[in-house]
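Geometric and topological summary
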Amino acid sequence: MSMTPHENASAAVRFLEGERVFLRPIGTEDTELYFRSLFSKETRMLTGTQKHFTREQIQQYIENKGQDSSSVLLLICLCENDQVIGDVQIGDIDRNNRSAFIRISIDQNAYQGKGYGSEALLLMLDYGFGILNLHRIELNVFAFNERAIHTYEKLGFQREGVQRQALYYNHAYHDSILMSMLADEYRAKYLK
């Protein structure tokens, strides 16, 4: 017996779906969850987040993202139980030059290093190159985040340069590494 869309209204919307994770839109009902994720000490360091935010600011941010045609912000959820484990975004979409940036955050240690982030990035890269028709997607990663650098290189991102001492965090300056992937590089690696 199949269910009509109205019968399973509480099931999470699966915008982009992989084997172990799916990506879904963020809504104002996610304000508390998103707010709490910003206070993870490790996440704040890895993302270079320096300022604090109120719940009201986060709710306004989420509402604004819903109206922003230059950005796609999605929550990363586990397929097995719909649990939110992070978020991924393509932003600053430049339609003329067909370029954008990508960023990702997996909020808890329990879900890091298990391939969830790689799968979420590949879903978003496929969307960026295959649906949004982007030519170039870039990211910045801080030099101390060696695990992320390794993951990005394994996925096919190329190092382009270093922004020396771009981040001041925890009493020290840190370099930021600029990396990118082009559409033809993505297709050569993943669409064989």
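Structure: above.
Being a predicted model, the structure only gives us computed values, none of them experimental.

1. Let's talk about helix α4 (residues 116-130)
The α-helix advances 3.6 residues per turn, and as a result positions three or four apart in sequence lie on the same side. Taking 1.5 Å per residue as the helical rise, α4 with its 15 residues ought to reach 21 Å, and the 21 Å between its terminal C-alpha atoms agrees with that figure. Taking burial as the measure, the 15 residues of α4 include eleven buried ones, the bulk of the element. Along α4, the positions that sit buried rather than exposed are Tyr-116, Gly-117, Glu-119, Ala-120, Leu-121, Leu-123, Met-124, Leu-125, Tyr-127, Gly-128 and Phe-129.

2. Details of the environment of Thr-151
With respect to the helices and strands, the residue Thr-151 is situated in helix α5 (residues 146-155). The spacing of Thr-151 and Gly-113 is 38 residues in sequence and 9.4 Å in space, taken between C-alpha atoms.

3. Digging into the packing of aromatic side chains
Per the stated rule, a full pass over the model turns up eight aromatic pairs. For the pair Phe-15 and Tyr-127, a centre-to-centre distance of 5.4 Å together with 75° between the ring planes defines the contact as edge-to-face. With Phe-15 in the segment before β1 (16-17) and Tyr-127 in helix α4, the pair connects residues that are 112 residues apart, well separated along the chain. Accessibility expressed as a relative area gives 13% for Tyr-127, which makes it buried. A connected cluster of aromatic rings, assembled from ring pairs, spans Phe-129, Tyr-186 and Tyr-190.

4. What about the nonpolar core?
Within the largest apolar cluster, 39 residues are counted, with the highest numbers of intra-cluster contacts made by Leu-23, Ile-76, Val-88, Ile-102, Met-124, Tyr-152 and Phe-157. With eight residues, the top contributor of residues to this core is α4. For Met-124, the contacting residues outside a window of four places in its chain are Leu-16, Leu-23, Val-72, Leu-74, Val-88, Gln-89, Ile-90 and Ile-102.

5. Some words on the environment of Leu-16
Looking at where Leu-16 falls in the secondary structure, it is placed in strand β1. For Leu-16, a relative accessible area of 15% puts it in the buried group. Measuring from C-alpha to C-alpha, the distance between Leu-16 and Leu-155 comes to 18 Å, with 139 residues separating the pair along the chain. Residues contacting Leu-16, with those up to four places away along its chain left out, are Phe-22, Leu-23, Leu-74, Leu-123, Met-124 and Tyr-127.

6. Digging into the layout of surface pockets
With a probe scaled to a water molecule rolled over the atoms, the places where space remains empty come into view. In this structure, the largest pocket spans a volume of roughly 1,300 Å³. Of all elements in the fold, only α1 (31-37), α2 (41-47), α3 (55-67), β5 (99-106), α4, β6 (136-142) and α5 reach the threshold of two or more residues within the lining of the largest pocket. Ranked by the residues each element gives to the lining of the largest pocket, the list is headed by α5, at seven residues. Grouping the constituent residues of the lining of the largest pocket by class yields 19 nonpolar, 16 polar and ten charged. In terms of lining residues, the second largest pocket is bounded by Leu-33, Tyr-34, Arg-36, Ser-37, Ser-40, Leu-75, Val-84, Ile-85, Gly-86, Asp-87, Asp-107 and Gln-108. Within the residue set of the lining of the second largest pocket, elements represented by two or more residues are α1 and β4 (84-94). Across the lining of the second largest pocket, the residue classes tally to five nonpolar, four polar and three charged.

7. Overview of the pattern of salt bridges
Taken as a whole, this structure holds eleven salt bridges when the rule is applied. Among the ionic pairs, Asp-82 bridges to Arg-14, the shortest N-O distance being 2.9 Å. Here the residue Asp-82 occupies a position in the loop between β3 (72-78) and β4, and Arg-14 occupies one in the segment before β1, the gap between them amounting to 68 residues. With a relative accessible area of 30%, Asp-82 lands in the partly exposed category. One salt bridge in this structure joins Glu-32 and Arg-55, with 2.6 Å as the shortest N-O distance.

Basis of the calculations
Residues numbered from 1 in each chain as written. Predicted model: local features only at pLDDT ≥ 70, side-chain atom pairs only at ≥ 80, totals over all residues. Heavy atoms only, no water. Helix = DSSP H or I, 4+ residues; strand = E, 2+ residues; numbered from the N terminus. Expected span 1.5 Å × (residues − 1). Buried < 20%, exposed > 50% of the residue type's maximum accessible area, 1.4 Å probe, protein only. Phe/Tyr/Trp six-rings, centres within 6.5 Å; stacked < 30°, edge-to-face > 60°. Core = buried A, V, L, I, M, F, W, Y, C linked by side-chain atoms within 4.5 Å. Contact = heavy atoms within 4.5 Å. 1 Å grid on protein atoms, 1.4 Å probe; cavity = no way out; pocket = protein on both sides within 12 Å on 5 of 7 lines; lining within 4 Å. Points joined across faces, edges and corners; volume = space filled by probe spheres on them. Nonpolar A, V, L, I, M, F, W, Y, C, P; charged D, E, K, R; others polar. Salt bridge = Lys/Arg side-chain N within 4 Å of Asp/Glu carboxyl O.

Limitation: the analysis is restricted to geometry and does not speak to function.
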